[in-house]
Amino acid sequence: MRNQKAIILLVFFMLLGIGFLAYYYYEYKQHPRRLPTYGNPGHHVLPFSFTNQDGKTITEKDVEGKIYVVEYFFSTCEGICPKMNENMTKVYQTFRGQADFAILSHTVDPETDTVEQLKSYSQRFEADAAQWHFLTGDKRALYDMAINSYLVTAVEDTTQKDILPDFIHSEKFVLVDKEKHIRGTYDGTNLKEVDKLIEDIKELKKEYE
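For clarity, every value in this text was computed on a predicted model and none was experimentally measured. (Residues numbered from 1 in each chain as written. Predicted model: local features only at pLDDT ≥ 70, side-chain atom pairs only at ≥ 80, totals over all residues. Heavy atoms only, no water.)

Draft legend 1. Region of interest: the nonpolar core. Counting residues in each nonpolar core, the largest one holds 27 residues, and the members touching the most others are V91, L175 and I201. Within the residue set of this core, elements represented by two or more residues are β3 (67–73), α2 (81–95), β4 (101–107), α3 (115–122), β5 (132–135), β8 (172–176) and α5 (191–207). Ranked by the residues each element gives to this core, the list is headed by α2, at six residues. (Core = buried A, V, L, I, M, F, W, Y, C linked by side-chain atoms within 4.5 Å. Buried < 20%, exposed > 50% of the residue type's maximum accessible area, 1.4 Å probe, protein only. Helix = DSSP H or I, 4+ residues; strand = E, 2+ residues; numbered from the N terminus.)

Below, the structure is given as structure tokens:
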């Protein structure tokens, strides 16, 4: 009799545990974790027009209805850029071929980073120009987008004497949702942060399911 009661209790708690896990899974699927929105209320990415590694003009229309990740770099950088783009490749490979995802990698040195230079650079990462855009264009427009749209902290290189000092780019990756709101910033040199970015993209996708 005692053994029978023990078995009944064991089965009861097993069923209770299964019920709890099922409920938790259902609630998680129905109500995914919502990422914060950055910037002042109503802040969103402004219209833009740059040129990618295939010589194609890329505007905000090309990322309409897409989640995308933004970074700033330059191809001749020997500091953090190689590490950043090596880590960005992990993001790219995770969502490669998914029509609702893109990457915009902006140069901070458009004088050097011509279309041809960016094409050569992009081939190191086997980047499909339909999904991972390496962008060049007007220097002022590139910098204005970084500061005013993507909220990337800009630090100017005061050793330069030209009218527009060089922008010492950030290590940040910026996550943008389909409504062009900023939903996260991540240290692109830190693999743990990059892994968090990947998980946050998955969570953000759930908001649109």
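Draft legend 2. Seen up close, α5. The end-to-end C-alpha separation of α5 is 25 Å, in line with the 24 Å expected for 17 residues at 1.5 Å each. Residues of α5 that are buried: V194, L197, I198, D200, I201, E203, L204, K205 and K206. Capping the start of α5 is the job of one residue whose side-chain oxygen sits 2.9 Å from the backbone nitrogen of K192: N190. (Expected span 1.5 Å × (residues − 1). Polar contact = N/O pair within 3.5 Å; in protein donor to acceptor, adjacent residues only side chain to side chain.)

Draft legend 3. Representation of the pairing of β8 in the model. Within β8, four of the five residues are buried, which leaves the element mostly enclosed by the surrounding structure. Bridge count between β3 and β8: three bridges; the pairing is antiparallel. Note that in β8 the partner of V69 across the bridge is L175. For β8 and strand β9 (residues 182–187), the ladder comprises five bridges, and the chain directions are antiparallel. Residue pairing for β9: L175 is matched across the bridge by G184. Connecting the antiparallel pair β8 and β9 is a turn made up of five residues, with K180 showing a positive phi of about 70°. (Pairing = 2+ DSSP bridges.)

Draft legend 4. Molecular detail of the packing of α2 against α5. At a minimum axis distance of 10 Å, the contact between α2 and α5 shows a crossing angle of 25°. As summarised for this structure, α2 and α5 are arranged roughly parallel, according to the angle between their axes. Along this stretch, α2 crosses α5, giving a crossing that reads as right-handed. Across the interface between the two elements, N87, K90, V91, T94 and F95 from α2 touch L191, V194, D195, L197, I198, I201, K202 and K205 from α5. (Axes fitted to C-alpha atoms, helices over the stretch in contact; angles between N-to-C directions. Parallel < 35°, antiparallel > 145°, perpendicular 65-115°, else oblique. Left-handed = near helix turned anticlockwise from the far one by under 90°. Contact = heavy atoms within 4.5 Å.)

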